[in-house]
Amino acid sequence: MPSRFVLLICVFLSFFSFSKPLKIEIVSDYNPSYGESPGDLATQLLLIIARNLNNEMAIEFVPASREREWRELKHHENVCLYNKVRTPERETMALFVSLPLMAFPSNRLILRNKKFVSIEVTLKTALSMGLRIGVTKGRSYGLEIDDFITANTDRLFIGEGNDSAFRLRQMLVQGRLDGIIEYSSVFVTDFPSEEVLKDISFHAIGDTKATIFGYIACSDSKVGRRAVDLFERTLQKRKIQDLIIEAHANLFLPQEEVFISNSLKSAFSINE
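A quick note: this is a predicted structure, and the numbers were derived from the prediction, not measured. (Residues numbered from 1 in each chain as written. Predicted model: local features only at pLDDT ≥ 70, side-chain atom pairs only at ≥ 80, totals over all residues. Heavy atoms only, no water.)

1. Here we look at the nonpolar core
- Among the nonpolar cores identified, the biggest contains 47 residues, and I24, Y82, L101, I216, A227, F231 and L264 are the most heavily contacted of them.
- The leading source of residues in this core is helix α10 (residues 222-235), at 6 residues.
- Beyond its immediate stretch of four places on either side in the chain, I216 contacts L46, L81, Y82, L95, F96, V97, L101 and F231.
- In terms of nonpolar packing, the next biggest core, distinct from the first, is built from 17 residues, V121, L131, V135 and I149 among them. (Core = buried A, V, L, I, M, F, W, Y, C linked by side-chain atoms within 4.5 Å. Buried < 20%, exposed > 50% of the residue type's maximum accessible area, 1.4 Å probe, protein only. Helix = DSSP H or I, 4+ residues; strand = E, 2+ residues; numbered from the N terminus. Contact = heavy atoms within 4.5 Å.)

Here it is as structure tokens:
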């Protein structure tokens, strides 16, 4: 009888411990103690996901600088970060949720008076068309593009100097270049007029990622694994996926919407 009683107590305590909300610290530059609603979409989406966890997780925001975030994650077992790019280096120190929270445009091939070119084109194809494309010396455009530039330096226009990126954008508008590799938002910020943009087209660069994703990452620990599983399960819900896609609809330039929407649908395995 005593042994059965002890067993029942152990089972009860075990059930009670696992029924309590998982306490997770979200280390971020967002500080809710100011009483302000978060202005950035990533924080808003994270809060929506947390509310959909049905009291299985209790999150607490811990204000910290971007530099300190990863140190906190490495040194504590119950820390999660969000809107983080997944890299091999970061995967050695954190557990990542496989589905994205956010999506961002990557570098584009921006062309002038070349709207016959496909919405997605490889740099090799662009050069085979005889297009004069400008890039900035010493700038990193990402591994695949950097490797292509190194192998084709003699076929590209190489801009040098501190203001070379801006000068390349000017040269494109002036018709002295057919194209440049740049972020769409950067170009439109410099040249927002409809008169300029009517001749400009933005193209995803084939053989590179058309979109960069921001993920939730948690401590590489037992607690971190439980948190990742909970986030993963919530992000698998179609209503959450549709909400994330809809939230991105007017976040970036109209020229980017098709890339962002299609990339998110692909990440969520939505085929419609």
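Don't stop here, the text continues.
2. Notes on the side chain of R108
- With respect to the helices, strands and loops of the structure, R108 is situated in strand β6 (residues 108-112).
- Among the residues examined, R108 registers a relative accessible area of 0% and is labelled buried.
- Those residues within four positions of R108 in sequence are excluded, and the remaining contacts are I180, I181, E182, S184, H203, A204, I205, A210, E256 and F259.

3. Regarding the packing of aromatic side chains
- Applying the stated rule across the entire model yields 7 aromatic pairs.
- Considering the side-chain rings of Y30 and F61, the 5.0 Å spacing of their centres and the 90° angle between planes classify their relative orientation as edge-to-face. On the criterion of sequence distance, the pair formed by Y30 in the loop between β1 (22-28) and α2 (41-51) and F61 in strand β2 (residues 57-63) is long-range, its members being 31 residues apart. In this structure, Y30 and F61 share a single accessibility class: buried.
- A ring pair is formed by F187 and F191, whose centres lie 5.4 Å apart and whose planes are at 40°; its orientation type is tilted.
- Given the relative accessible area of 15%, F191 is considered buried.
- Members of the aromatic cluster, connected to one another through ring pairs, are Y30, F61 and Y82.
- It is R86 that lies over the ring of Y215; its NZ or CZ is 5.6 Å from the centre. (Phe/Tyr/Trp six-rings, centres within 6.5 Å; stacked < 30°, edge-to-face > 60°. Lys NZ or Arg CZ within 6 Å of the ring centre and 35° of its normal.)

4. Quick notes on the domain arrangement of the protein chain
- Parsing the protein chain into structural domains produces domain 1 (22-104 + 212-268) and domain 2 (107-205).
- Here domain 1 and domain 2 have C-alpha centroids that lie 32 Å from each other.
- Domain 1 puts 5 residues into the contact, and the matching count from domain 2 is 8 residues.
- Between domain 1 and domain 2, roughly 610 Å² of surface is buried when both sides are summed, and carbon and sulfur atoms account for 70% of that area.
- In terms of surface lost to domain 2, no three residues of domain 1 exceed L253, Q255 and F259, which account for 71% of the buried area on that side.
- Close ionic contact of R108 with E256 constitutes a salt bridge, the shortest N to O distance being 2.8 Å.
- Its residues placed into classes, the side of domain 1 that touches domain 2 shows 3 nonpolar, 1 polar and 1 charged. (Domains from an automatic or database assignment. Buried area = accessible area lost by both parts, 1.4 Å probe. Salt bridge = Lys/Arg side-chain N within 4 Å of Asp/Glu carboxyl O. Nonpolar A, V, L, I, M, F, W, Y, C, P; charged D, E, K, R; others polar.)

5. Focus: the sheet that holds β6
- If you walk across this open sheet you meet the 6 strands as β7-β11-β6-β10-β8-β9, and the pairing is mixed. Only two strands of the sheet have a single partner each, and these edge strands are β7 (120-121) and β9 (157-159).
- Direction of pairing for β6 relative to strand β10 (residues 179-182): antiparallel, over a ladder of 4 bridges. The partner of I110 across the bridge, within β10, is I180. (Pairing = 2+ DSSP bridges.)

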